[in-house]
Amino acid sequence: MGIRISQSEDSATGGTILRIEGALTVDSARLLDDICAKLLNDVGAKLIINVSAVNFLDEDGAAALRRLKQRGVCFEGCELFTQRVIETFERS
């Protein structure tokens, strides 16, 4: 299982959109954390992560998304299942 992360610009807001495709596991969560940390260090950067193409999410992946959410990252395309997995691990 792998992950693909593509980056584009949101012309409406000037923010950055990351689209995640594939499995979000421990290794891919570290990669996502690193990429987002660099993007969030830009002054005033708005970051949106599209998770509509995530097809597997484990505890480490959910923890990474939760940390990013706490740092002000917005999510789009968050299906009910993905949202519930993130919330489940928030309570653990």
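Because the structure is a prediction, the values reported are computed rather than measured.

Draft legend 1. Quick look at the sheet that holds strand β2 (residues 16-24). Spatially, four strands are ordered β1-β2-β3-β4 in an open sheet, and the strand pairing comes out mixed. Every other strand in the sheet has two partners, leaving β1 (3-9) and β4 (74-76) as the edge strands with one partner each. Neighbour-to-neighbour, the strand axes of the sheet open up by a mean angle of 25 degrees, direction not taken into account. The sheet contact formed by β2 and strand β3 (residues 47-57) spans eight bridges and is parallel. Each bridged residue has a counterpart across the sheet, and for Ile 17 the counterpart in β3 is Ile 48. Against the sheet, helix α1 (residues 26-40) contacts β1, β2 and β3, and its axis sits at roughly 175 degrees relative to β2. With respect to the sheet, helix α2 (residues 59-70) is in contact with β2, β3 and β4, its orientation differing from that of β3 by roughly 165 degrees.

Draft legend 2. Up close: the pattern of salt bridges. Counted by the stated rule, this structure contains two salt bridges. Close ionic contact of Asp 27 with Arg 30 constitutes a salt bridge, the shortest N to O distance being 3.3 Å. Of this pair, Asp 27 and Arg 30 both sit in helix α1, three residues apart, which is roughly one turn of the helix. Arg 67 serves as the salt-bridge partner of Asp 33, at 2.6 Å between the closest nitrogen and oxygen. Taken as a pair, Asp 33 in helix α1 and Arg 67 in helix α2 lie far apart in primary sequence, 34 residues in all. A relative accessible area of 38% means that Arg 67 is categorised as partly exposed.

The rules behind these values
Residues numbered from 1 in each chain as written. Predicted model: local features only at pLDDT ≥ 70, side-chain atom pairs only at ≥ 80, totals over all residues. Heavy atoms only, no water. Pairing = 2+ DSSP bridges. Helix = DSSP H or I, 4+ residues; strand = E, 2+ residues; numbered from the N terminus. Axes fitted to C-alpha atoms, helices over the stretch in contact; angles between N-to-C directions. Contact = heavy atoms within 4.5 Å. Salt bridge = Lys/Arg side-chain N within 4 Å of Asp/Glu carboxyl O. Buried < 20%, exposed > 50% of the residue type's maximum accessible area, 1.4 Å probe, protein only.

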